[in-house]
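What follows is each chain in one-letter form.
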Amino acid sequence: MATKTTRGNAGDKVHADKEQKRYESGTTERFPPLSISIETFLKDGTDREFRHLIYSLLSFSALMIRHREYYASYIGVTGSQYSMMAVIAEAQVATVGYVAEQMGVASQFVTAEMSKLIGRNIIEKTPSETDRRSMHLRLTLKGQNLLRELGPIRRESNDLMYGSLTGDRGRALKEIIGTLIKDANSALHKLDAPDWRGKQAPSVQSEMPLRPTANRSARGRTGRR
């Protein structure tokens, strides 16, 4: 067994040396490879500034989620349920489809979460007068009171979080985010197109035939125990 390990290590070293030589000879792409090719984001041949922008957006997104989770916990619901309550409160009367669109989630997910809120008497649903197949969603008095109790905390934290977005900065950010959401949906549509959907990297594909064998071996060992 020790001999096999030694050979394996030697083979890995040879492979690594070849890769290093290929890189040094300039026959391989710069690493890490560029994640964008738009000239605006490229400087000195790198997309470092773009990557830092993405990291900042992810960091801010995580902070927004943490704020949302605190609000939700304060009124005894989940983060997603709180967002649904907020959307319905703003619209006063909403449909499942409208809530799903505003949150960027599937209608089935909204329906499942709404059932929980209806069961707790936080949301109520009534048939639409114009379309009996559609249901209207409203906050009950209990749901309204929960948001009222949350109001002072949410206002103070939002004042601190968004206090720098005064005047034109807030309007400009709203426009930019709206455009980015549209563009992101277009990019996602491309990723979900038939010619891209389900594809995997060549390295991942080369490993796939080995996985069933490994799984069977693992199950065999478990069975013998």
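Look a little higher up for the structure.
In short, a report on the structure. Because the structure is a prediction, the values reported are computed rather than measured.

Across its full length, the protein chain carries nine helices and two strands. Helices (α) and strands (β) of the protein chain occur, in sequence order from the N terminus, as α-α-α-α-α-β-β-α-α-α-α. Taken across its 225 residues, the protein chain has 17% of its residues classed as buried. In the protein chain, 40% of the contacts between residues at least 6 apart in sequence involve partners at least 24 apart.

As a further point, take the nonpolar core. Core analysis: the largest hydrophobic core is formed by 22 residues, its most contacted members being Met85 and Met114. Elements supplying a minimum of two residues to this core: α2 (48-74), α3 (79-91), α4 (96-103), α5 (107-119), β2 (135-139) and α6 (141-161). Residues within four places of Met85 in sequence aside, it is in contact with Ile75, Val77, Leu117, Ile122, Leu139, Gly143, Leu146 and Leu147.

With that settled, consider the packing of α3 against α4. Running from N to C, α3 and α4 point in directions that differ by 115°, and their axes come no closer than 10 Å. Of the possible angle classes, the one that applies to α3 and α4 is roughly perpendicular. Relative to α4, the crossing made by α3 is right-handed. Side by side, α3 and α4 meet where Ser80, Ser83, Met84, Val87, Ile88, Glu90 and Ala91 of the first sit next to Tyr98, Val99, Gln102 and Met103 of the second. Of the residues contributing to the contact of α3 with α4, the split by class is seven nonpolar, three polar and one charged.

Moving on, we come to the packing of aromatic side chains. For the coordinates displayed, the defined rule picks out three aromatic pairs. With a centroid separation of 6.2 Å and an interplanar angle of 85°, the aromatic rings of Phe60 and Tyr162 are classed as edge-to-face. Of the two residues, Phe60 sits in helix α2 while Tyr162 sits in the loop between α6 and α7 (168-191), which places them 102 residues apart along the sequence. Across from the ring centre of Trp196, 4.9 Å away, lies the NZ or CZ of Lys190, which sits over that ring.

What counts and how
Residues numbered from 1 in each chain as written. Predicted model: local features only at pLDDT ≥ 70, side-chain atom pairs only at ≥ 80, totals over all residues. Heavy atoms only, no water. Helix = DSSP H or I, 4+ residues; strand = E, 2+ residues; numbered from the N terminus. Buried < 20%, exposed > 50% of the residue type's maximum accessible area, 1.4 Å probe, protein only. Contact = heavy atoms within 4.5 Å. Core = buried A, V, L, I, M, F, W, Y, C linked by side-chain atoms within 4.5 Å. Axes fitted to C-alpha atoms, helices over the stretch in contact; angles between N-to-C directions. Parallel < 35°, antiparallel > 145°, perpendicular 65-115°, else oblique. Left-handed = near helix turned anticlockwise from the far one by under 90°. Nonpolar A, V, L, I, M, F, W, Y, C, P; charged D, E, K, R; others polar. Phe/Tyr/Trp six-rings, centres within 6.5 Å; stacked < 30°, edge-to-face > 60°. Lys NZ or Arg CZ within 6 Å of the ring centre and 35° of its normal.

Shape descriptors only; they carry no functional weight alone.
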